[in-house]
Amino acid sequence: MEQNIFTRDAFVGKTALISGGTSGIGLAAAEIFLAGGASVMLVGRDAARGQTALAQLSAGERAQFTRSDVRRTEDCHRAAEETVHVFGDIDILVNSAGIYVEGALDDLTEETLDDLIATNVKGTFHLTQATLPHLRSTLGNIVNVASDAGLHGNYFCAAYAATKGAVIAFTRSLALDLAGDQVRVNAVAPADILTPLTERQLSSQRAREEQLREMASVYPLGRIGTPCEAAAVIAFLASPAAGWVTGSVYCVDGGLTA
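Residues numbered from 1 in each chain as written. Predicted model: local features only at pLDDT ≥ 70, side-chain atom pairs only at ≥ 80, totals over all residues. Heavy atoms only, no water.

Okay, the state of the cysteines next. One pass over the structure, following the stated rule, counts zero disulfides. With no disulfide partner, Cys251 has as its closest neighbouring cysteine sulfur the one in Cys157, 15 Å distant. (Disulfide = S-S within 2.5 Å.)

Moving on, we come to the environment of Thr246. Within the secondary structure, Thr246 sits in the loop between helix H8 (227-238) and strand E7 (249-252). Note on Thr246: relative accessible area 36%, which makes it partly exposed. Here the alpha-carbon distance between Thr246 and Ala187, two residues 59 residues apart in the chain, equals 9.0 Å. Setting aside its immediate chain neighbours within four residues, Thr246 contacts Ala175, Val183, Arg184, Val185 and Asn186. Here the side chain of Thr246 touches Val185 through a polar contact of 2.9 Å, landing on its backbone nitrogen. (Helix = DSSP H or I, 4+ residues; strand = E, 2+ residues; numbered from the N terminus. Buried < 20%, exposed > 50% of the residue type's maximum accessible area, 1.4 Å probe, protein only. Contact = heavy atoms within 4.5 Å. Polar contact = N/O pair within 3.5 Å; in protein donor to acceptor, adjacent residues only side chain to side chain.)

UniProt tags residues 14-193 as "domain: Ketoreductase" (unreviewed entry). The distance from the first to the last C-alpha atom of residues 14-193 is 27 Å, and the span holds 49% helix and 18% strand. (UniProt positions renumbered as here; feature names shortened; annotations may be inferred.)

Looking at the chain, pLDDT values average 95 and 97% of them are 70 or higher. Taken element by element, the chain is modelled with least confidence in helix H6 (residues 196-199), mean pLDDT 79, and with most confidence in strand E5 (residues 141-145), mean pLDDT 99. (pLDDT = per-residue confidence, 0-100.)

What follows concerns the pattern of salt bridges. The full count for this structure, using the stated rule, is eleven salt bridges. Between Arg78 and Asp75 there is a salt bridge, with the nearest N and O atoms lying 3.4 Å from each other. With Arg78 and Asp75 both in helix H3 (residues 73-87), this residue pair falls three residues apart, about one helical turn. Members of the salt-bridge network, linked through shared partners, are Arg72, Glu74, Asp75 and Arg78. (Salt bridge = Lys/Arg side-chain N within 4 Å of Asp/Glu carboxyl O.)

Mapped onto the elements, Gln211 comes out in helix H7 (residues 208-216). Taking relative accessible area as the criterion, Gln211 reaches 8% and is therefore assigned buried. The residues contacting Gln211, other than those within four sequence positions of it, are Leu202, Ser203 and Arg206.

What follows is the structure, encoded as structure tokens:
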């Protein structure tokens, strides 16, 4: 009987394209893919952060960075083309680029709403669209980074939650569309993860550790998550071990949605 086991060499010969790959969950996923033998293309808007990420990964030619803005359709296509030019093909797409904005709906500006939709929703759509021909040819797979906020209501982040809810619906629908092509599509829905995105939510008027303890208090496991813990689920979904998993949304939330 064939067994698909998530091993250290699960990604040998594979290429992963990761948006939002220069920090947080995306960068942690890149580390796991590289450790498993893959080549990785990081996508981000900031060239300096891209070079810093590459230095941290220390993977030589197996890790590359392309400065691309997922809000721009042409940048998404260029990122896909550059990945294929450098590494030959694309086997795994991780849509991890995203922004978080909180606040009352009364204060939401059209500019903020447009930026949330352009990054979190349209960026996921356009980068997926750009990579689809390659994923079909490699029988590859897609892992989208959604959020627990896309599954249930959260205080003062209605617009953000709406964009992540869209990513979840997109994941499930696209999984059905691509099943006949043997391209799997899944998502992770992390709750609070200690990333730069989370750090920016903290107030400078209060002690950092106090705020983190308060944030952790709502979780049954008593703490918030780490980028590596979310990335490990991404790696599982992208690996042969999840070969019969598609259209799924995996909660990575310390028991919050139990």
